Amino acid sequence: MLAVGPDHFRALLKGFHEMDEHFRTAPFEKNLPVLMGLLSVWNNDFFGAETVAVLPYEQYLKRFPAYLQQLTMESNGKHVTLAGKSVNYQTGPVYWGEPGTNGQHSFYQLIHQGTRLIHVTLSRSATRLRRWDATTIFSSQTCLPKPRRWLLARLPRR
């Protein structure tokens, strides 16, 4: 709250609540968290894409890749089940990334023109940021050398 102030912090909490309600009430075929989770399993398990590049195209979201690293890799980075049995499958991809302004002249070359299969999640603000805004649009792409496959998911507007 100290970084953004109380009004913006409340707006952030409101956005979290809206996403929680969307997840709780939206049918699976329109449920963004469900679709993103299924897409991650599909890309990791069936395409063998072992990494997810998270590329915010907004400097204000520069720490978003690090947040997702902690959230997903700590939760999924287990080698045993809840019953204590070893697993014989990949438990989750490696999340990494930088804002587009930092990464566009480094690893973007590999993503766009290389031969490695990389699941890419682009994120940007739904509006031009002149102040804190937690509304984000996600574009999730599995970059195949040729042809490329694309999925664009947008949160419904209220």
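The structure we're discussing is the one just above.
Not measured: the values here are computed from a predicted model. (Residues numbered from 1 in each chain as written. Predicted model: local features only at pLDDT ≥ 70, side-chain atom pairs only at ≥ 80, totals over all residues. Heavy atoms only, no water.)

On to the environment of Gly48. Within the secondary structure, Gly48 sits in the loop between helix 2 (32–46) and strand 1 (51–56). Here the alpha-carbon distance between Gly48 and Ile118, two residues 70 residues apart in the chain, equals 9.0 Å. Those residues in contact with Gly48 that lie beyond four places of it in its chain are Asn43 and Leu117. (Helix = DSSP H or I, 4+ residues; strand = E, 2+ residues; numbered from the N terminus. Contact = heavy atoms within 4.5 Å.)

By size, the foremost hydrophobic cluster in this structure holds seven residues: Ala53, Leu55, Phe107, Tyr108, Ile111, Ile118 and Val120. For this core, the secondary-structure elements that each account for two or more residues are strand 1, helix 5 (108–113) and strand 3 (118–125). When near neighbours in sequence (up to four residues on either side) are disregarded, Tyr108 contacts Leu55, Tyr57, Gly100 and Gly103. (Core = buried A, V, L, I, M, F, W, Y, C linked by side-chain atoms within 4.5 Å. Buried < 20%, exposed > 50% of the residue type's maximum accessible area, 1.4 Å probe, protein only.)

Bringing the environment of Glu98 into the picture now. Among the structural elements, Glu98 can be located in the loop between strand 2 (94–96) and helix 4 (100–103). A C-alpha to C-alpha distance of 8.1 Å links Glu98 and Arg63, two positions 35 residues apart in sequence. Leave out the neighbours within four places in its chain, and Glu98 touches Val54, Leu55, Pro56, Pro65, Gly103 and Phe107.

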